[in-house]
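# Examination of the molecular architecture
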Amino acid sequence: MDAFRLGELLLGTAPGGAGEVSAQGSPLSVSILSVLFVLLMIVLLRSFVHLIPFIADSLLRARGSVALESSVRVSRDRNMVALVVFLPMLLLSWRYRLYNPSFLADAIPDVRMGLIAAVFTGYVLLRLLIYRMLKPRRRYEQYQTAHYATFTFFILLVILLLFTAGMMYIFKASDSTIRLILYAEMAFVYLMFLFRKAQILSLSCNHLRTFLYLCGLEILPSAALVVSAVLL
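From a predicted model like this one, the values you see are computed outputs, not experimental measurements.

### Focus on the overall build of the protein chain
For the protein chain, the count of helices and strands is 9 helices and 0 strands. Taken from N to C terminus, the helices and strands of the protein chain fall in the order α-α-α-α-α-α-α-α-α. By sequence separation, contacts in the protein chain at least 24 residues apart represent 72% of the contacts at least 6 residues apart.

### With respect to the pattern of salt bridges
Using the criterion set out here, one finds 7 salt bridges in the structure. Notably, a salt bridge pairs Glu-69 with Arg-78, separated by 2.7 Å at the nearest N-O pair. A salt bridge links Arg-127 to Glu-218; the shortest N-O distance between them is 2.6 Å. With Arg-127 in helix α6 (residues 109-134) and Glu-218 in helix α9 (residues 207-231), this pair connects stretches of sequence that are 91 residues apart. Each member of the pair, Arg-127 together with Glu-218, is buried. Connected through shared salt-bridge partners, Arg-73, Arg-76 and Asp-77 make up one network.

### Topic: the packing of helix α2 (residues 45-60) against helix α3 (residues 62-69)
Between α2 and α3, the shortest axis-to-axis distance is 6 Å and the interhelical angle comes to 145 degrees. In this structure, α2 uses Leu-51, Phe-54, Asp-57 and Ser-58 to contact α3, whose residues at the interface are Gly-64, Ser-65 and Leu-68.

### Comments concerning the layout of surface pockets
Its boundaries defined by the atoms lining it, the largest pocket holds a volume of some 1300 Å³. Contributing to the lining of the largest pocket are 40 residues, with Tyr-123, Val-124, Arg-127, Phe-154 and Leu-225 lying nearest its centre. For the lining of the largest pocket, the secondary structure elements donating two or more residues are α4 (72-84), α5 (86-95), α6, α7 (141-170), α8 (175-201) and α9.

### Side note on the nonpolar core
With 54 residues, the main nonpolar core has Leu-51, Val-81, Leu-90, Tyr-96, Met-113, Ile-116 and Ile-155 as its most contacted residues. Element by element, the count of residues in this core is highest for α7, at 10 residues. Residues within four places of Ile-116 in sequence aside, it is in contact with Leu-90, Ser-93, Trp-94, Tyr-99 and Leu-104.

### Observations concerning unusual backbone geometry
The phi torsion at Arg-97 lies on the positive side, around 50 degrees, for a residue other than glycine. Here Arg-97 shows up in the loop between α5 and α6. Under the relative-accessibility criterion, Arg-97 is labelled buried at 4%. Unusually for a residue other than glycine, Lys-172 sits at a positive phi of about 60 degrees. Among the structural elements, Lys-172 can be located in the loop between α7 and α8. A relative accessible area of 73% means that Lys-172 is categorised as exposed.

### What about the packing of aromatic side chains?
By the definition in use, this model includes 5 aromatic pairs. Aromatic pair Tyr-99 and Phe-120: ring centres 5.8 Å apart, planes at 65 degrees, arrangement edge-to-face. Taken as a pair, Tyr-99 in the loop between α5 and α6 and Phe-120 in helix α6 lie far apart in primary sequence, 21 residues in all. Judged on exposure class, the residue Tyr-99 and its partner Phe-120 are both buried. Seen from their ring centres, Phe-153 and Phe-193 are 5.5 Å apart, and the 50 degrees between their planes marks the pair as tilted. Linking Phe-153 in helix α7 with Phe-193 in helix α8, this pair joins segments that are 40 residues apart in sequence. Using a relative accessible area of 4% as the deciding quantity, one classes Phe-153 as buried.

Quick notes on the rules
- Residues numbered from 1 in each chain as written.
- Predicted model: local features only at pLDDT ≥ 70, side-chain atom pairs only at ≥ 80, totals over all residues.
- Heavy atoms only, no water.
- Helix = DSSP H or I, 4+ residues; strand = E, 2+ residues; numbered from the N terminus.
- Contact = heavy atoms within 4.5 Å.
- Salt bridge = Lys/Arg side-chain N within 4 Å of Asp/Glu carboxyl O.
- Buried < 20%, exposed > 50% of the residue type's maximum accessible area, 1.4 Å probe, protein only.
- Axes fitted to C-alpha atoms, helices over the stretch in contact; angles between N-to-C directions.
- 1 Å grid on protein atoms, 1.4 Å probe; cavity = no way out; pocket = protein on both sides within 12 Å on 5 of 7 lines; lining within 4 Å.
- Points joined across faces, edges and corners; volume = space filled by probe spheres on them.
- Core = buried A, V, L, I, M, F, W, Y, C linked by side-chain atoms within 4.5 Å.
- Phe/Tyr/Trp six-rings, centres within 6.5 Å; stacked < 30°, edge-to-face > 60°.

So this is what it looks like as structure tokens:
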């Protein structure tokens with residue numbers, strides 16, 4: 001939590017103010033989300049610790065995701081933790097401007113946080129819509145497993161980003177440096193996720209169908225998010 005301390009705004013509100021320290025204090029939305037995240041993680045701490053070996057197994061092999069989904073309790077805990085770590089992802093995106101289209105440049109901090117949350121929520125809903133549209137009528141177990149593997153890798157990503165941002169903040173790295181490293185980690189985890197998802201889908205699909213599923217389920221919504229950040 002060092003990357004976004006409660007009660008202290010570490011990012012200027014001006015469009016070019018990344019890295020500037022403001023004495024006005026953190027916006028209300030940052031304080032609320034930070035406290036909410038801490039409280040929820042305390043409640044889910046036991047579930048999170050129990051989940052760690054399954055996350056590691058899913059990282060190392062495709063069938064690790066199959067094993068995770070075969071346990072109703074573990075998959076339920078994974079879904080809850082993924083929902084909770086959505087909060088620090090919003091905080092990191094706000095703090096280091098990981099999603100920083102031009103239409104957010106002049107927004108006040110609380111509004112910028114709200115717009116980032118709205119865009120990310122829209123991205124999740126778009127993925128869900130495409131998932132339901134492309135869902136096969138038969139033999140969809142591996143398709144479903146590949147879909148929920150997104151939550152597993154999202155948890156892994158947020159843990160990695162929080163650790164990196166916290167460590168680099170302690171060593172007083174600049175915001176631009178931290179942002180570049182976080183981007184690199186996001187790209188690495190995303191590519192790893194695509195590889196594992198392709199392996200899961202290939203358990204029941206041929207190579208062409210696996211490629212088409214990846215394009216529709218992952219590359220299309222992710223491209224839409226990137227384009228919105230670059231062109232808007």
